[in-house]
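So you can see what is in the structure, the chains are spelled out below.
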Amino acid sequence: MLPLVERAGTEIMRGNSAVASNYIGLATVVDATKARKYLGSSGILRASKYNFGIKGPLDVVERLLQKAAPLSMPCSFVNYLTSVMLLLKAGKEVAKLNRSLEGFLVRNQNTALKSVVAFVDSLFMMDHEGHPSISSDDLAGYSKEELAEAASYMLHVIDRCIGIRDDQFNYMSETGISRGLYSKLFVKAAKIRAYCEAEILLDGFHYECERHGRTVRIVPPSPELEKSIRLGYAMSEQAGQPSIIARIRAMREGEVSILSVADSIYERFADDVVVLKREPISRYAFGFPDAPQFHGLFNHDGFTIEERLYLHEVLSTELVTWDELKEFQFEGGVTFEGMLKVQRLFRFLARIASNHLLPRLETESELVYRSLVPVFAKHKLQELLGWCVGKDEADAILRVMSFATRSSGIVDIQYRSIVDGGNYYLIPMHIAGSTNWYRNFAHTERRRVVENVEEDGAIKELARCLRVVSPMVQIEYETTLGGKRFEIDVICRFGEFLFIFECKHSLLPCNVFELRTSYKHMETGASQLSKITSILSENKMELELYRRLGWKVGRAKEIVTCIVSCNGMFPGLRLNGHPVRRLRELTNMVETGYVRFIQTSVSQDEKGLDVATNDAAEYHLWRSPDLRPEFLHEYIGQDLLQGLMFDSMVELDRSFALDRWQLEFRSYALDLNKVLEALNKQVSAEYRGASASEQKGELAFDS
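What this report covers is the structure whose coordinates are included nearby.

About the cut-offs
Residues numbered from 1 in each chain as written. Predicted model: local features only at pLDDT ≥ 70, side-chain atom pairs only at ≥ 80, totals over all residues. Heavy atoms only, no water. Helix = DSSP H or I, 4+ residues; strand = E, 2+ residues; numbered from the N terminus. Expected span 1.5 Å × (residues − 1). Buried < 20%, exposed > 50% of the residue type's maximum accessible area, 1.4 Å probe, protein only. Axes fitted to C-alpha atoms, helices over the stretch in contact; angles between N-to-C directions. Parallel < 35°, antiparallel > 145°, perpendicular 65-115°, else oblique. Contact = heavy atoms within 4.5 Å. Nonpolar A, V, L, I, M, F, W, Y, C, P; charged D, E, K, R; others polar. Salt bridge = Lys/Arg side-chain N within 4 Å of Asp/Glu carboxyl O. Pairing = 2+ DSSP bridges. Core = buried A, V, L, I, M, F, W, Y, C linked by side-chain atoms within 4.5 Å. Disulfide = S-S within 2.5 Å. Patch = residues over 30% accessible without salt bridge, like charges linked within 9 Å, V, L, I, M, F, W, Y side chains within 5 Å. Areas by Shrake-Rupley, 256 points an atom, 1.4 Å probe, with all protein chains shown as cover. Lys, Arg positive; Asp, Glu negative; His and termini not counted. Charge placed at Lys NZ, Arg CZ, Asp CG, Glu CD. Left-handed = near helix turned anticlockwise from the far one by under 90°.

Observations regarding helix 10 (residues 241-252)
Here is step 1: Its 12 residues place the ends of helix 10 17 Å apart at the C-alpha level, agreeing with the 16 Å of an ideal helix rising 1.5 Å per residue.
Here is step 2: Residues Ile245, Ile248 and Ala250 constitute the buried set of helix 10.
Here is step 3: One or two residues past the end of helix 10 sits Gly254, with phi positive at roughly 95 degrees.

As structure tokens, then:
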């Protein structure tokens, strides 16, 4: 099956649409389900695979649709082809955008690369916040992360069409940036990325396209899938709010912050660390003493407040101990502590630069952009990193965090922030200082500390919670029943219910390409649970399982399955009938059963920022002093909380104007007032805390 699809892709490349359609047609006759799967995973019908050459894949799809009836293609396969055809037709205008983008970058190859990097770094310096409700023709309609993806796409185009060289670091178009030319360029690239996202949604998640006049609407196969994606991101974002509050309060109490240190040094020694150089071009340069006392800021083993909170975040997401993380090394001997020290340096340099450049952005914009992204000779940057770590570790960090022309892997400036021109490095300090370094290394190196420990942290944590309420808990249990071998991550008999959990531990996805990987993990978990429940449904198999476990119980009233999402994505989704729950929410429901609402405000006085709690409320979903088996069944098996959350989400579509065509993505957003209203109805006053006002705040579902 796969060879047929691969041959079809080769023939599309060669321009043989008729032959390609024959190969795919044959694949559908053999097994349409597998043909659909391989078409999606290979992406051979995506315009982006052919640099937005639309004709080849469109010819193939149109030929296949003509053969649909003679080949007895299933309706689902025909719907897929129809959706691909609609997207390809709209893609003709994306192809025009791409040609325009490529043409500009090639014509301006001496200045484009540095201009793109400087402009996107300025967005991170300003902490640009876009909003999707604003027109897609306006830069303000995109978040800084989306615009970083747009920058990454342009760097990919530069690399493919021109290559990346040292001489491209010499010049930039400050005037083009100041006059908005690069804003328009970024908008074009962001629209191209949105189209690529639509391709992945069709291929990887079975979304479909609907045509409404000149609008191609990308709709999910079910509202629940899209809602689970948006809810997963929303809950992950809200889970990070306590760290922001903790950082503000810790800084106020005098805990060491590298940002405060940088602010203090700039305030006292600005004239010494910032120099306006006139040759070869006017620019601000930043210099620091090459002295052991100053190096101590960056090679000291203690943690700043930013690092302490980041450490807590990594330990919580990886579910490991500090000793396990401290002993873990990436390739080349890169340690977590070493990464923190180098990022401390980058964060410090970025903060000094922003102190000086940000207030001058409006009055001296061209000078600011020219000064924003430093260029280092390779040996100079290696010496600078030597302030933080040893030479071998510094070299290994630079290898992972930089990309050069024709580098393997996808160009992504948030993963690999350092541009390698051959003999020099170009560094967007604000991006390098703010990105998630552990995640970047784990993703790039395909290696994580969680894979290096003896016991899976998620399994261990879930079992710990369950053992408080039931003595019948077993982890990582393997056995053979009815000639079929299977493994259960966590199994628990609680009251009359048997609970079976499958834990999946992928990295939190930052884009739709990574989201596809998380989704595959969820599908694998669903397949494993279906196999287990099928075996246990056979005559006496359930009782035999209890006998082997040493549990003296009869058959369960119901077997309740659950896919545990350790990265928090897809909460509330059901795959093959198996519900997905976020690990932290699940353990919180077992341990406390509380949902909390907190409304805060940030103010500033002579001591700096301060956080005040204006309103708070809590809801005890157990509705009893102790956890009951019936509640856990209701929470997992009957979607007690997830049903409420999904019902509180409102449709919020997002559109991208091309030329005559428009792409529109159907999506959803959580309405906090609806959640609070539903909780007030569901939970009696006896189990509610202080009442919540209808103000913007955060809901806490996790432990």
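Examining the packing of helix 5 (residues 112-125) against helix 6 (residues 144-161)
Here is step 1: Between helix 5 and helix 6, whose axes approach to 10 Å, the crossing angle comes to 170 degrees. In terms of orientation, helix 5 lies roughly antiparallel with respect to helix 6. Residues Ala112, Leu113, Val116, Val117, Val120, Leu123 and Phe124 of helix 5 form the contact with helix 6, whose own contacting residues are Lys144, Leu147, Ala148, Ala151, Met154, Leu155 and Ile158.
Here is step 2: When grouped by side-chain class, the residues that make up the contact of helix 5 with helix 6 number 13 nonpolar, no polar and 1 charged.

Structural notes on the pattern of salt bridges
Here is step 1: By the definition in use, this model includes 43 salt bridges.
Here is step 2: Of the charged contacts, one joins Glu445 and Arg399 as a salt bridge, the two residues approaching to 3.7 Å between their closest N and O atoms. With Glu445 in helix 20 (residues 437-445) and Arg399 in helix 18 (residues 391-401), this pair connects stretches of sequence that are 46 residues apart.
Here is step 3: Using a relative accessible area of 17% as the deciding quantity, one classes Glu445 as buried.
Here is step 4: In this structure Arg399 comes out as partly exposed when scored by relative accessible area, which is 40%.
Here is step 5: Here Glu502 and Lys504 are joined by a salt bridge, their closest N and O atoms 3.5 Å apart.

Some words on the environment of Glu634
Here is step 1: Within the secondary structure, Glu634 is located in helix 25 (residues 629-637).
Here is step 2: Classification of Glu634 by relative accessible area gives partly exposed; the value is 22%.
Here is step 3: Along the sequence, Glu634 and Val560 sit 74 residues apart, while their C-alpha atoms lie 9.9 Å from each other.
Here is step 4: If we skip the residues at most four places from it in the chain, Glu634 touches Arg623, Asp639 and Leu640.

Some remarks on helix 25
Here is step 1: Buried residues of helix 25: Pro629, Phe631, Leu632, His633, Tyr635 and Ile636, and no others.
Here is step 2: Asp639, located one to two residues past helix 25, shows a positive phi value of around 55 degrees.

A word on the pairing of strand 12 (residues 484-494)
Here is step 1: Judged by how many residues are buried, strand 12 sits mostly within the fold: 8 of 11 residues are covered.
Here is step 2: The antiparallel pairing of strand 11 (residues 473-481) with strand 12 creates a hairpin that spans 2 residues between the two strands, and Gly482 there sits at a positive phi of about 60 degrees.
Here is step 3: Direction of pairing for strand 12 relative to strand 13 (residues 497-504): antiparallel, over a ladder of 5 bridges. Directly across from Phe494, in strand 13, lies its bridge partner Phe497.
Here is step 4: Here strand 12 folds back onto strand 13 in antiparallel fashion, the turn holding 2 residues, of which Gly495 has a positive phi close to 65 degrees.

Considerations on the nonpolar core
Here is step 1: Counting 187 residues, the largest nonpolar core has Leu45, Tyr438 and Phe570 as the members making the most contacts within it.
Here is step 2: Once you skip the residues sitting within four places of it in the chain, Tyr438 turns out to touch Tyr310, Val314, Glu318, Leu325, Phe328, Phe330, Phe336, Met339, Arg448 and Val449.
Here is step 3: Of all hydrophobic cores here, the second largest spans 50 residues; its members include Val490, Phe497, Tyr635 and Leu641.

Concerning the state of the cysteines
Put plainly, a disulfide is one covalent bond tying together the sulfur atoms of two cysteines.
Here is step 1: In this structure the tally under the stated criterion is 0 disulfides.
Here is step 2: We note that Cys209 lacks a disulfide partner, and the nearest cysteine sulfur, in Cys196, lies 14 Å from it.
Here is step 3: The thiol of Cys492 is unpaired, and the distance to the nearest cysteine sulfur, on Cys465, comes to 11 Å.
Here is step 4: On the basis of relative accessibility, which here comes to 0%, the residue Cys492 falls in the buried class.

Here's the deal with the sheet that holds strand 14 (residues 558-565)
Here is step 1: The mixed open sheet is built from 6 strands, whose spatial order is 11-12-13-14-16-15. A strand with exactly one partner marks an edge of an open sheet, and here the two such strands are strand 11 and strand 15 (574-575).
Here is step 2: Direction of pairing for strand 11 relative to strand 12: antiparallel, over a ladder of 8 bridges. Bridged to Tyr477 within strand 12 is Ile488.

Section: a negative patch on the surface
Here is step 1: A contiguous patch of negative charge on the surface is contributed by Glu454, Glu455, Glu476 and Glu487.
Here is step 2: Looking at Glu454, the relative accessible area reads 83%, which means it is exposed.

A closer look at the sheet that holds strand 10 (residues 424-426)
Here is step 1: The strand order 7-10-9-8 describes an open sheet built from 4 strands, whose pairing is mixed. Both edges of this open sheet fall to strand 7 (375-377) and strand 8 (402-404), since each of them pairs with a single strand only. Here the average twist between neighbouring strands, direction ignored, is 30 degrees.
Here is step 2: Bridge count for strand 8 against strand 9 (residues 418-420) is 3 bridges, and the pairing is parallel.

Side note on the environment of Met645
Here is step 1: Turning to its location among the elements, Met645 is positioned in helix 26 (residues 640-647).
Here is step 2: Look at Met645 and you get buried, because its relative accessible area is 2%.
Here is step 3: Between the C-alpha atom of Met645 and that of Arg99, which follows or precedes it by 546 residues, the distance is 43 Å.

Let's talk about the packing of helix 4 (residues 75-107) against helix 8 (residues 181-205)
Here is step 1: Between helix 4 and helix 8, whose axes approach to 10 Å, the crossing angle comes to 155 degrees. Considering the angle they form, helix 4 stands roughly antiparallel to helix 8. Helix 8 is crossed by helix 4, and the crossing has left-handed handedness.
Here is step 2: A class-by-class count of the residues in the contact of helix 4 with helix 8 yields 17 nonpolar, 4 polar and 4 charged.

Overview of the side chain of Asn440
Here is step 1: Mapped onto the secondary structure, Asn440 falls in helix 20.
Here is step 2: Take Asn440: its relative accessible area is 3%, and that puts it in the buried class.
Here is step 3: Once residues lying within four places of it in the same chain are set aside, the contact partners of Asn440 are Met401, Gln414, Tyr415 and Thr435.

Focus: the pairing of strand 3 (residues 274-277)
Here is step 1: Where strand 3 lies against strand 4 (residues 283-286), 4 bridges are found, and the strand directions are antiparallel. Bridging across to strand 4, Val275 finds its partner in Ala285.
Here is step 2: The hairpin formed by strand 3 and strand 4 contains 5 residues between the paired strands.

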